[in-house]
Amino acid sequence: MEENTQVKKEEAEILENAQQNGEKKWKKYVRIGFLLLVAVFLIRYFYKNYDSYKNLDIEINWPVFAGALLFYFIYQVTLASLWHYITKLNQCSIQYFKAITAYLYSIPGKYIPGKVFMLLARVPLYEEGGVPIRKVTVCFFLENICTLLGAAFLFLISLFFFPNDLLNDYKWMTIGLVILFFICINPKIINFFLRILERFIKKDLSIPITYPQMIKVVLLFICNWLVVGVGFYMLVCSIYPVPASQFLYVAGIDGLSCIIGILAVFTPSGLGVREGIILLGLGLIMPKE
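A short tour of the structure in this document, coming up. (Residues numbered from 1 in each chain as written. Predicted model: local features only at pLDDT ≥ 70, side-chain atom pairs only at ≥ 80, totals over all residues. Heavy atoms only, no water.)

Concerning the overall build of the protein chain
Okay, so step 1: Looking only at helices and strands, the protein chain has 11 helices and zero strands in total.
Okay, so step 2: Listing each helix as α and each strand as β along the protein chain from the N terminus yields α-α-α-α-α-α-α-α-α-α-α.
Okay, so step 3: Among the 289 residues that make up the protein chain, the fraction classed as buried is 38%.
Okay, so step 4: Looking at the protein chain alone, contacts between residues at least 24 apart form 71% of all its contacts between residues at least 6 apart.
Okay, so step 5: Summed over its atoms, the accessible surface of the protein chain is roughly 17,300 Å², and 67% of this surface lies on carbon and sulfur atoms. (Helix = DSSP H or I, 4+ residues; strand = E, 2+ residues; numbered from the N terminus. Buried < 20%, exposed > 50% of the residue type's maximum accessible area, 1.4 Å probe, protein only. Contact = heavy atoms within 4.5 Å. Areas by Shrake-Rupley, 256 points an atom, 1.4 Å probe, with all protein chains shown as cover.)

This is how it looks when you write it as structure tokens:
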């Protein structure tokens, strides 16, 4: 009797190990497929726009360009840390370095239309940590909301540095929009609109944080937007000299292009849409070519 019980236990362990190995192989194939899909979309995009790129006649200041890349890297790491902080607030965090790995691995997902692949790329490591997918989804929505809010605030501030007199008569309106901005980030207001969205996607998307916590998170995202704003300003200066007095304007244009790019869910990472916004904005302070 005891021998039969022992045999059954061993068989159960063998089956469990086989199942786990099967899941690991499946996740490995999914990751490879994910990266291949990203490569296909990027190759397709650059192939379609090859003629535009080959005709460019510019000289790049490589040290300044390298500095821009460094700031962009810092921005991505701090953004990943903010993602981890949001999961901690929602009580669904995993070990820090695993969270950073999951976030950085998901970045190529933005080059696939629909944005959903960024979320799906983060799920496996959180599933391994026993975190429900619903909680990861809520944190993903919160991260995108804070990204939009941080970019929107930076753009509002940049309006004070608009390169002509067009907005001089509207600066008090801009101040009013900044005040309205901090009123609208109240989680009660955001949850009101999320409840409307819940009716269509049939999932609980309510934000589980307080108003002071929301202000803190958004301020951190604004600071992070200033980091990437420095990087974008250096990128522009590596191609064409723009005075330092226009830094916030240049950073604000980058923020606005990000907002439009996120909202344009059916384009990979807002490619094409973002460039159009940048062209219109920077065309006021540098040659369009």
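Details of unusual backbone geometry
Okay, so step 1: Here Q91, not a glycine, exhibits a phi torsion of approximately 55 degrees, which is positive.
Okay, so step 2: Of note, Q91 is situated in the loop between α3 (62-89) and α4 (96-106).

Examining the pattern of salt bridges
Okay, so step 1: Enumeration according to the criterion identifies two salt bridges in this entry.
Okay, so step 2: Among the ionic pairs, E143 bridges to R122, the shortest N-O distance being 2.7 Å. Of this pair, E143 sits in helix α6 (residues 133-158) while R122 sits in helix α5 (residues 116-128), placing them 21 residues apart in sequence. Pair check on accessibility: E143 and R122 agree, each one buried.
Okay, so step 3: Between D254 and R274 there is a salt bridge; the shortest N-O distance is 3.0 Å. (Salt bridge = Lys/Arg side-chain N within 4 Å of Asp/Glu carboxyl O.)

Description of the packing of aromatic side chains
Okay, so step 1: Counted by the stated rule, this structure contains 10 aromatic pairs.
Okay, so step 2: A ring pair is formed by Y75 and W225, whose centres lie 6.1 Å apart and whose planes are at 50 degrees; its orientation type is tilted. Within this pair, whereas Y75 is found in helix α3, its partner W225 is found in helix α9 (residues 211-237), the two being separated by 150 residues in sequence.
Okay, so step 3: On the basis of an interplanar angle of 80 degrees and a centroid distance of 5.3 Å, the ring pair of F192 and F193 is categorised as edge-to-face. (Phe/Tyr/Trp six-rings, centres within 6.5 Å; stacked < 30°, edge-to-face > 60°.)

Looking at the packing of α9 against helix α10 (residues 247-263)
Okay, so step 1: The contact between α9 and α10 brings their axes to 8 Å, and the two run at 110 degrees. Of the possible angle classes, the one that applies to α9 and α10 is roughly perpendicular. Here α9 contributes W225, L226, V228, G229, V230, F232, Y233 and V236 to the contact with α10, which in turn contributes F247, L248, V250, A251, D254, G255 and C258. (Axes fitted to C-alpha atoms, helices over the stretch in contact; angles between N-to-C directions. Parallel < 35°, antiparallel > 145°, perpendicular 65-115°, else oblique.)

Quick word on the side chain of S257
Okay, so step 1: Tracing the chain through its elements places S257 in helix α10.
Okay, so step 2: Taking relative accessible area as the criterion, S257 reaches 0% and is therefore assigned buried.
Okay, so step 3: Here the side chain of S257 touches R274 through a polar contact of 3.4 Å, side chain to side chain.
Okay, so step 4: Beyond its immediate sequence surroundings of up to four residues, S257 is in contact with R274, I277 and I278. (Polar contact = N/O pair within 3.5 Å; in protein donor to acceptor, adjacent residues only side chain to side chain.)

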